[in-house]
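Per-entry structural report
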Amino acid sequence: MLARDFAILVFVCFVWATNFVATKLALTVLHLPPLFFSALRFAVVFLFALPWLLPWPRPRLRIVMVGLCMGAGGFGLVSIGLMSATPASAAVVTQLGVPITALLSVFMLGERIDWRRGVGIALAFLGAVTVMYDPRGFTLSFGLIFVLASAMTSALGMVLMKKMENVQPMQFQAWVGLSSSVPLAFGSLVLETGQVEAALAGGWLFVGALAYVALAVSLLGHSLFYTLVRKYEANLISTLTLMCPLMAIGLGVIVTGDRFDLRMVLGTAVVLTGVALILLAPRKAAARPR
């Protein structure tokens, strides 16, 4: 990989890592309702990507489902989870999207899993359970359950996306924004209160946080990432993105004072080892329909 492209990938991973911290601060310091903040985020994404919305990609329902899973499902559920979960632990649990995608690919795309990927999937889930359990009460962290749900819906969106063709990055962003902002806004209207008051109280900090997660994290970060994916092998890019959770853990410890004890160290190491095995294992050809 060219040094310039590697620097771009490091920048993308850093921007994605800051998303956990920025969202956590917006929700807990500015007291913004999570569904409201997520709805505005995707509304901004939609407005900036609107010129690329049409023509409507086919199959039409599938692009809506992909946008809903990877937008509202992915970022919306993470926002709810970050109300109580730490950025460090959330960054680790989101890595379960890789083994879940591998499992869904077996059932939905007919792909096969060799023993190395199987071991990687088992390690990833074992490490995530280590991170998710609270040793003080031996109960699952409530916030991390939403983060796990986010990983599952994002993985479903990824698998559905594999069946889509000729969808450009900005067109994809437009449909993610449209498909996600509407249901999130409706959910916020029904389930949350004090949205306008919280936004006004947040002032320019609210505007800055919203602009950052929408423009820097979603539009800029993903657009740069798609450019690199087109240029290099997916396995190489996917493996190098393991820098993202490591950066998020560091930022969580430094900025929000996350606790990173031996249990977190061991769980993180096991998760990332499992994810690396999955990404580096050779892919089996999809089974042919009989």
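Computed from a prediction, not measured in an experiment: that's the story for all the values here. (Residues numbered from 1 in each chain as written. Predicted model: local features only at pLDDT ≥ 70, side-chain atom pairs only at ≥ 80, totals over all residues. Heavy atoms only, no water.)

1. Overview of the confidence of the model for the protein
Using the following cut-off: Within a predicted model, pLDDT stands for the predictor's per-residue confidence, ranging from 0 to 100. Helix and strand definitions here come from DSSP, where helices need a minimum of 4 consecutive H or I residues and strands a minimum of 2 consecutive E residues; each element is numbered from the N-terminal end. Two residues qualify as a contact provided that any one of their heavy atoms is within 4.5 Å of a heavy atom in the partner residue.
Of the residues in the protein, 88% have a pLDDT of 70 or more, and the chain-wide mean is 81. Here strand E2 (residues 139-140) is the element of the protein with the lowest mean pLDDT, 55, and helix H2 (residues 34-49) is the one with the highest, 93. When the criterion is pLDDT under 50, residues 285-290 qualifies, and its contacts beyond four places in sequence or with other chains add up to six contacts.

2. Brief notes about helix H11 (residues 243-255)
For clarity, the threshold we go by: Each residue after the first adds 1.5 Å to the expected span of a helix. For the exposure calls, accessible area comes from a 1.4 Å probe over protein chains only, and a residue counts as buried if that area is under 20% of its type's maximum, exposed if over 50%, partly exposed in between.
For H11, built from 13 residues, the straight-helix expectation of 18 Å at 1.5 Å per residue is met to within 8% by its first-to-last C-alpha distance of 18 Å. Along H11, the residues that are buried comprise Met243, Cys244, Pro245, Ala248, Ile249, Leu251 and Gly252. Positive phi shows up at Gly257, right after H11, with a value of about 70 degrees.

3. Structural notes on the packing of H2 against helix H8 (residues 169-191)
Our working rule: Here an angle of 0 to 180 degrees is reported between the N-to-C directions of two axes, which are lines fitted to C-alpha atoms, with helices fitted over the stretch in contact. Should an angle fall under 35 degrees it is taken as roughly parallel, and over 145 as roughly antiparallel, whereas 65 to 115 is taken as roughly perpendicular and any remaining angle as oblique. Take the far helix as the reference: if the near one is turned anticlockwise from it by less than a right angle, the crossing is left-handed, and if turned clockwise, right-handed. Three classes are used, and their members are as follows: Ala, Val, Leu, Ile, Met, Phe, Trp, Tyr, Cys and Pro are nonpolar, Asp, Glu, Lys and Arg are charged, and the others, Gly among them, are polar.
One can describe the packing of H2 onto H8 by two numbers: an axis separation of 7 Å at closest approach and a directional angle of 150 degrees. On the basis of their axis angle, the class for H2 and H8 is roughly antiparallel. The way H2 lies across H8 gives a crossing that is left-handed. The residue inventory of the contact of H2 with H8, partitioned by class, reads 16 nonpolar, seven polar and no charged.

4. Focus on unusual backbone geometry
Pro55 follows Leu54 through a cis peptide bond whose omega is 5 degrees. Along the chain, the position of Pro55 falls in the loop between H2 and helix H3 (60-81). Even without being glycine, His31 reaches a positive phi, approximately 60 degrees. Following the sequence through the fold, His31 ends up in the loop between helix H1 (3-28) and H2.

5. Thoughts on a nonpolar patch on the surface
Inclusion rule: Two joining distances apply to patches: 9 Å for like charges and 5 Å for nonpolar side chains (Val, Leu, Ile, Met, Phe, Trp, Tyr), and every residue must have over 30% relative accessible area and no salt bridge. For every accessible area listed, the method is Shrake-Rupley and the probe measures 1.4 Å; residues are considered covered only by the protein chains on display. A pair is scored as a salt bridge if a Lys or Arg side-chain nitrogen falls within 4 Å of a carboxyl oxygen belonging to Asp or Glu.
A contiguous nonpolar surface patch, about 790 Å² in accessible area, is contributed by Leu25, Val29, Val253, Ile254, Val255, Phe260, Leu262, Val265 and Leu266. Those elements giving two or more residues to the nonpolar patch turn out to be H11 and helix H12 (262-280). Relative to the helices and strands, Ile254 resides in helix H11.

6. Considerations on the environment of Asp258
Considering the arrangement of structural elements, one finds Asp258 in the loop between H11 and H12. Spatially, the C-alpha atoms of Asp258 and Ser89 are 8.6 Å apart, while their sequence positions differ by 169 residues. Sequence-distant contacts of Asp258, defined by excluding residues within four places in its chain, comprise Thr86, Pro87, Ala88, Gly252 and Val253.

7. Some points on the environment of Leu27
Here Leu27 is to be found in helix H1. Through-space distance from the C-alpha of Leu27 to that of Leu82 is 7.8 Å; in sequence the pair is 55 residues apart. Leave out the neighbours within four places in its chain, and Leu27 touches Leu32, Pro33, Pro34, Phe37, Ser79, Leu82 and Met83.

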